[in-house]
Amino acid sequence: MPLVFTETLRLFTPSQPRLVTGREHSDGPEEKQQFVHRVFGMADLLRLLLRVAEKAANVARVCRQEAPLFQLLVQEKTGDDKNKKFVQDFKTLADVVIQEMIRHDVRAQFPEMAGFIHGEESNKFENGLGESVTVTVCGTQEETAKLLASVLDGDNTAASLLARAIHQDPVTIEANTDGLTVPLSPSELGIWIDPIDATSQYIEGREEVLEEGHLFPSGLHCALVLIGVYLRSTGEPVMGVINQPFNYKDPAGGGWKGKHFWGVSFGGVNACSESRPKDGPGGGLSAVLSSSEKPVVKEALTSLCGPDKLIYASGAGYKILCVIQGLADVYILSEGSTFKWDSCAPHALLRALGGGVVDLAKCLQSNSGAQGHQTELTYHQPNTECKGADRWANNGGLVAYRDCSQLCSVMGALRGKL
């Protein structure tokens, strides 16, 4: 069984050294010192990612709560303005600002990771004057505001509001991982960032009151900040942080509050903020899909699960989170329409719970059945046959699962159908 920690978390500090549980050390003093340093780096990275994910969530909330930013978020350009070179759209700028903020903060604490922090968006824009602007986080709020104003065609009000959110420190995320130590250093790792997954739901902004144990297929809660950490040498996901910025509204102030999830999986260490879900009443397999999934897949899964156990939801990250939380048993996608930044973070959480995310096409072609590390998604190598963002697509589709026996059932139902 995976080792699961409680939701209230506190990371140890260098004054509380702890080594990997169950590992005996006969190394000399120099090797021991180096090993302890490596452990602290990994723990500090988790703490940092929880903090920057909350900063990112705050930026996402501010863009909806502050009227000048919200108007930019939802406006649709028409006529001559439709073709104007104005940051493509403000949603893209919000994505890039969050991505570059995370990149800035990680690089500041772990400079050895600088060349391995990847995101969905390019940070180069052209403003209405045709000027090329590279969006970065500057040393001060005022400098960042000035840079953003140059992208926003001189909209100083919006630029100042956005810069303030970027430079604002979040509330402290308490994290307790006593006993969790991983013998990896940041120099062995890379990061994938999805600044705002399910952006259409974020912009549409439909509000839902979430109920524990129930899947809500669309709404603001589908918009997630995803930060995944992978091992450079093998591409396996070893850490994931998910922040759900719009989890519930504060009854006192009326503002949105978020929820965070995290998982670590490497070697014999598996830890997660979520407990492994218990089997639901009545048994049977439940699957979450995109509403645009191929009819042949829907038909095969209807035969396997029954029509009442097929659920449709928005956002790739949210659908995998539903599997993590036990709101669905599996998530199946037959198209290559997701990317490494969509799946890396939740994949790490599923691994910590004993599950995973596999390449659907490779699984269907494999002689060894559904199981096997060779079919798990990896995150370190592009598809050289593709160009642009498609180099990092999950081209074979995917299946996210918690239990290998359920994965086998899905493969059995789909084999010969695709």
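What counts, and at which threshold
- Residues numbered from 1 in each chain as written.
- Predicted model: local features only at pLDDT ≥ 70, side-chain atom pairs only at ≥ 80, totals over all residues.
- Heavy atoms only, no water.
- Pairing = 2+ DSSP bridges.
- Helix = DSSP H or I, 4+ residues; strand = E, 2+ residues; numbered from the N terminus.
- Axes fitted to C-alpha atoms, helices over the stretch in contact; angles between N-to-C directions.
- Contact = heavy atoms within 4.5 Å.
- Buried < 20%, exposed > 50% of the residue type's maximum accessible area, 1.4 Å probe, protein only.
- Lys, Arg positive; Asp, Glu negative; His and termini not counted.
- Salt bridge = Lys/Arg side-chain N within 4 Å of Asp/Glu carboxyl O.
- Phe/Tyr/Trp six-rings, centres within 6.5 Å; stacked < 30°, edge-to-face > 60°.
- Lys NZ or Arg CZ within 6 Å of the ring centre and 35° of its normal.
- pLDDT = per-residue confidence, 0-100.
- Parallel < 35°, antiparallel > 145°, perpendicular 65-115°, else oblique.
- Left-handed = near helix turned anticlockwise from the far one by under 90°.

## A closer look at the sheet that holds strand E14 (residues 356-359)
No. 1: An order of E12-E11-E13-E15-E14 is seen for the five strands of this open sheet, with the pairing classed as mixed. Looking at the sheet topology across the chains shown, the edges are occupied by strand E12 (310-312) and E14. When strand polarity is set aside, the average angle formed by the axes of neighbouring strands in this sheet is 25 degrees.
No. 2: Here strand E11 (residues 287-289) pairs with E12 via three bridges, running parallel. Residue pairing for E12: Val288 is matched across the bridge by Ile311.
No. 3: Where helix H7 (residues 295-305) meets the sheet, it contacts E11, E12 and strand E13 (330-333), and its direction lies at approximately 135 degrees from that of E12.
No. 4: Running at roughly 120 degrees to E14, helix H9 (residues 340-352) makes contact with E14 and strand E15 (398-401) of the sheet.

## Remarks on unusual backbone geometry
No. 1: Phi angles above zero are rare outside glycine, and Asp153 is one such case at about 50 degrees.
No. 2: Mapping Asp153 onto the fold places it in the loop between helix H4 (141-151) and helix H5 (156-167).
No. 3: We note that Ala198 has phi near 65 degrees; this positive angle belongs to a residue other than glycine.
No. 4: Within the secondary structure, Ala198 is located in the loop between strand E6 (189-197) and helix H6 (199-204).
No. 5: The class of Ala198 is buried, set by a relative accessible area of 13%.

## Focus: the side chain of Lys319
No. 1: Here Lys319 lies in helix H8 (residues 316-325).
No. 2: With no salt bridge to any partner, buried Lys319 finds its closest opposite charge in Asp197, at an N-O distance of 7.8 Å.
No. 3: What Lys319 contacts, discounting residues up to four positions off in sequence, is Val288, Leu289, Ser290, Ala313, Ser314 and Tyr331.

## Here we look at the pattern of salt bridges
No. 1: For the structure shown, the criterion picks out twelve salt bridges.
No. 2: The shortest N-O distance in the salt bridge between Asp105 and Lys55 comes to 2.9 Å. Here the residue Asp105 occupies a position in helix H3 (residues 90-109), and Lys55 occupies one in helix H1 (residues 29-65), the gap between them amounting to 50 residues.
No. 3: The class for Lys55 is buried, based on a relative accessible area of 7%.

## Things to note about the packing of aromatic side chains
No. 1: Going through the model one piece at a time under the given rule, you end up with five aromatic pairs.
No. 2: On the numbers, 4.9 Å between centres and 65 degrees between planes, the contact of Trp192 with Trp392 is edge-to-face. One end of the pair, Trp192, is in strand E6; the other, Trp392, is in the loop between helix H10 (360-365) and E15, and 200 residues separate them in sequence.
No. 3: Plain terms: the ring middles of Phe246 and Trp256 are 5.7 Å apart, the flat faces sit at 85 degrees to each other, and that makes the pair edge-to-face. With Phe246 in strand E8 (residues 237-249) and Trp256 in strand E9 (residues 256-266), this residue pair connects regions lying ten residues apart in the sequence.
No. 4: For Phe246, a relative accessible area of 1% gives the class buried.
No. 5: Three or more aromatic residues joined by ring pairs form one cluster here, namely Trp192, Phe339, Trp341 and Trp392.
No. 6: The ring of Phe116 has Arg232 lying over it, and the distance from NZ or CZ to the ring centre is 3.6 Å.
No. 7: Positioned above the aromatic ring of Tyr379 is the side chain of Lys340, whose terminal nitrogen or guanidinium carbon lies 5.5 Å from the ring centre.

## Points about the environment of Glu212
No. 1: Relative to the elements of secondary structure, Glu212 occurs in the loop between H6 and strand E7 (224-231).
No. 2: For Glu212, a relative accessible area of 83% gives the class exposed.
No. 3: The spacing of Glu212 and Gln325 is 113 residues in sequence and 9.7 Å in space, taken between C-alpha atoms.

## Comments concerning the environment of Ala348
No. 1: Note on placement: Ala348 falls in helix H9.
No. 2: Assessed through its relative accessible area of 0%, Ala348 is described here as buried.
No. 3: As for Ala348 and Pro237, which are separated by 111 residues in sequence, their C-alpha atoms are 5.1 Å apart.
No. 4: Excluding anything up to four places from it in sequence, Ala348 contacts Pro237, Val238, Met239, Gly240, Gly263 and Ser265.

## Let's talk about the sheet that holds E7
No. 1: What the six strands build is an open sheet, ordered E2-E6-E7-E8-E9-E10; its pairing is mixed. Both outer strands of the open sheet, strand E2 (117-119) and strand E10 (269-272), are each paired with one neighbouring strand and no more. When strand polarity is set aside, the average angle formed by the axes of neighbouring strands in this sheet is 15 degrees.
No. 2: Both E2 and E6 contribute to a ladder of three bridges, which runs parallel. What sits directly across from Gly119, in E6, is Ile193.

## So, the confidence of the model for the chain
No. 1: Put simply, the chain has an average pLDDT of 83, and 82% of its residues get 70 or more.
No. 2: Segment residues 1-40 is flagged for pLDDT under 50; beyond a separation of four residues in sequence, or across chains, it makes 79 contacts in the model.
No. 3: Segment residues 76-88 is flagged for pLDDT under 50; beyond a separation of four residues in sequence, or across chains, it makes 19 contacts in the model.

## Observations regarding the packing of H4 against H5
No. 1: Between H4 and H5, the least distance of the axes is 8 Å, while the angle of their chain directions is 135 degrees. Regarding the angle of H4 to H5, the classification is oblique. Every pair of crossing elements has a handedness; the one defined by H4 and H5 is right-handed. Counted together, Gln141, Thr144, Ala145, Leu148 and Ala149 of H4 and Asn156, Ala159, Ser160, Leu162, Ala163, Arg164, Ile166 and His167 of H5 form the full contact between these two elements.

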